[in-house]
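Examining the three-dimensional arrangement
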Amino acid sequence: MSFDISHLLEKWDYQPGEVVARRFKGKDGREKIQLRIDLGVLQMNADGRPDGKRPLGHESLLEFFEAKLARHIQEHNGDDGGFTLSAEDCSRLQQEAIQYHHRYICLYELQDYDGVLRDTERNLAVFDLVEEYAESDGLAWSLQQFRPQLMLMRTRAKATVALAKDDFGSAVQSIEEGLTAVRSFHKERGQDELAD
């Protein structure tokens, strides 16, 4: 068995500044997505967690921590006080969010806008969880700094879906809502120059 993938890379050029992605059915019968990068190829599952793993018996780390939070609230009579995400928890959630980021970038290029919406909404849930429960503001910021880019991709997907249906009013509304959300994000953090 040869581990050398040079022959595959020679047939699929990397394009600097462009997202070069493809979709196919894997040997396991599951749909896969590949992203061509300068040093090779990233491969991920098209559904579920991109790397196909089930951390701690859950679909994703997000679902694990959501279940942990729900148990905490139930054990504390409906109170979430005292529930925190450690630096390690936040780091693991961020690493997982990066997998979904790679996938939704590919899905956008492949014109799977429903998939983009699914993965961006999922990552927004991660950002919200970390913002609410990280043990420090610095830990929360490690993810929050990427929120505007995430909202941009979500807005682009929503508007494109509306345009495909010739629903120009909804497309414009999606864009206006996205702009408002990004501007609000920056203004709330005293970054007025970025809001412009």
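Given the structure is predicted, the values throughout are model-derived calculations rather than measurements. (Residues numbered from 1 in each chain as written. Predicted model: local features only at pLDDT ≥ 70, side-chain atom pairs only at ≥ 80, totals over all residues. Heavy atoms only, no water.)

**So, the overall build of the protein chain**
Counted only if it meets this: A helix here means a DSSP run of H or I that spans at least four residues, while a strand means a run of E at least two residues long, and both kinds are numbered starting from the N terminus. Throughout, a contact is declared for two residues whenever any of their heavy atoms are within 4.5 Å. Every accessible area reported is derived by Shrake-Rupley at a probe size of 1.4 Å, with residue values counting cover from the shown protein chains alone. For the charge count, each Lys or Arg is scored as positive and each Asp or Glu as negative, with His and the chain ends excluded. Charge positions are represented by NZ for Lys, CZ for Arg, CG for Asp and CD for Glu.
The helix and strand inventory of the protein chain stands at eight helices and three strands. Reading the protein chain from its N end, one meets helices and strands in the order α-β-β-β-α-α-α-α-α-α-α. On the principal axes, the C-alpha backbone points of the protein chain span a range of 55 × 45 × 30 Å. Looking at the protein chain alone, contacts between residues at least 24 apart form 51% of all its contacts between residues at least 6 apart. Put simply, the protein chain shows about 11600 Å² of open surface, and 49% of that area lies on carbon and sulfur atoms. Counting 25 positive and 36 negative side-chain charges, the protein chain places the centres of these two groups 6 Å from one another.

**Side note on the packing of helix H4 (residues 113-133) against helix H6 (residues 147-164)**
Stated formally: For helices, the fitted axis covers only the stretch in contact; all axes are lines through C-alpha atoms, and the angles between them, taken along N-to-C directions, range from 0 to 180 degrees. Working definition: roughly parallel below 35 degrees, roughly antiparallel above 145 degrees, roughly perpendicular at 65 to 115 degrees, and oblique for all remaining angles. Should the near helix be turned counterclockwise from the far one by less than a right angle, the crossing is left-handed, whereas a clockwise turn marks it as right-handed. The residue classification treats Ala, Val, Leu, Ile, Met, Phe, Trp, Tyr, Cys and Pro as nonpolar and Asp, Glu, Lys and Arg as charged. All others, Gly included, are polar.
Contact pair H4 / H6: the axes reach a minimum separation of 9 Å and the direction vectors enclose 150°. By the criterion of interaxial angle, the relationship of H4 to H6 is roughly antiparallel. The chirality of how H4 crosses H6 is left-handed. Contact residues: H4 offers Tyr113, Asp114, Val116, Leu117, Thr120, Glu121, Asn123, Leu124, Phe127, Asp128 and Glu131, while H6 offers Arg147, Leu150, Met151, Met153, Arg154, Ala157, Lys158, Thr160 and Val161. Here the contact of H4 with H6 is built from residues that sort into 10 nonpolar, three polar and seven charged.

**Notes on the pairing of strand S1 (residues 20-25)**
If a strand is regular, its side chains alternate between the two faces of the sheet. Let me state the cut-off plainly: When DSSP finds two or more bridges between two strands, those strands count as paired.
Bridge analysis of S1 against strand S2 (residues 31-37) gives six bridges, and the strand direction is antiparallel. Its bridge partner lying in S2, Val20 is registered against Arg36. Where S1 folds back onto S2 in an antiparallel hairpin, the turn is made up of five residues, including Gly29, whose phi is positive at roughly 85°.

**Comments concerning the packing of aromatic side chains**
For the record, the criterion: Centre distance within 6.5 Å is the pairing criterion for rings of Phe, Tyr and Trp, where only the six-membered ring of Trp is used; planes under 30 degrees apart are then read as stacked, over 60 as edge-to-face, and the remainder as tilted. In this analysis the charged atom, NZ for Lys or CZ for Arg, is taken to sit over a ring once it is within 6 Å of the ring centre and within 35 degrees of the ring normal.
Throughout the structure, instances matching the rule amount to four aromatic pairs. Here Phe83 and Tyr133 contribute two aromatic rings whose centre-to-centre distance is 5.2 Å and whose plane-to-plane angle is 90°, an arrangement assigned as edge-to-face. With Phe83 in the loop between helix H2 (61-75) and helix H3 (87-109) and Tyr133 in helix H4, the pair connects residues that are 50 residues apart, well separated along the chain. The residue whose ring lies beneath Arg22 is Trp12, and the NZ or CZ to ring-centre distance is 3.7 Å. Lying across the ring of Tyr100, Arg122 places its NZ or CZ 3.8 Å from the centre.

**Describing the sheet that holds S1**
Sheet architecture is open: three strands sit in the order S1-S2-S3, paired in antiparallel fashion. The open sheet has two free edges, formed respectively by S1 and strand S3 (40-45), since each of these has just one partner strand. Shown here is a sheet whose adjacent strand axes are inclined to one another by a mean of 25°, direction ignored. Relative to S3, S2 runs antiparallel, the two sharing six bridges. For Gln34, the partnering residue across the bridge sits in S3 and is Gln43. Taken strand by strand, H3 contacts S1, S2 and S3, and its axis lies near 95° from that of S3.

**As for the side chain of Asp89**
For the record, the criterion: For each residue, the accessible area found with a 1.4 Å probe, counting protein chains only, is set against the maximum for its type, and the residue is called buried under 20%, exposed over 50%, and partly exposed in between. A carboxyl oxygen of Asp or Glu within 4 Å of a side-chain nitrogen of Lys or Arg is what we treat as a salt bridge.
Topologically, Asp89 is positioned in helix H3. Here Asp89 sits buried without a salt bridge, and the closest side chain of opposite charge, Arg92, lies 4.6 Å off (N-O distance). Beyond its immediate stretch of four places on either side in the chain, Asp89 contacts Phe65 and Thr84.

**Some details on the environment of Pro50**
Within the secondary structure layout, Pro50 lies in the loop between S3 and H2. Considering only alpha carbons, one finds Pro50 and Lys187, 137 residues apart in sequence, at a separation of 33 Å. Apart from residues no more than four positions distant in its own chain, Pro50 is found in contact with Met44, Asn45, Gln99, Tyr100 and Arg103.

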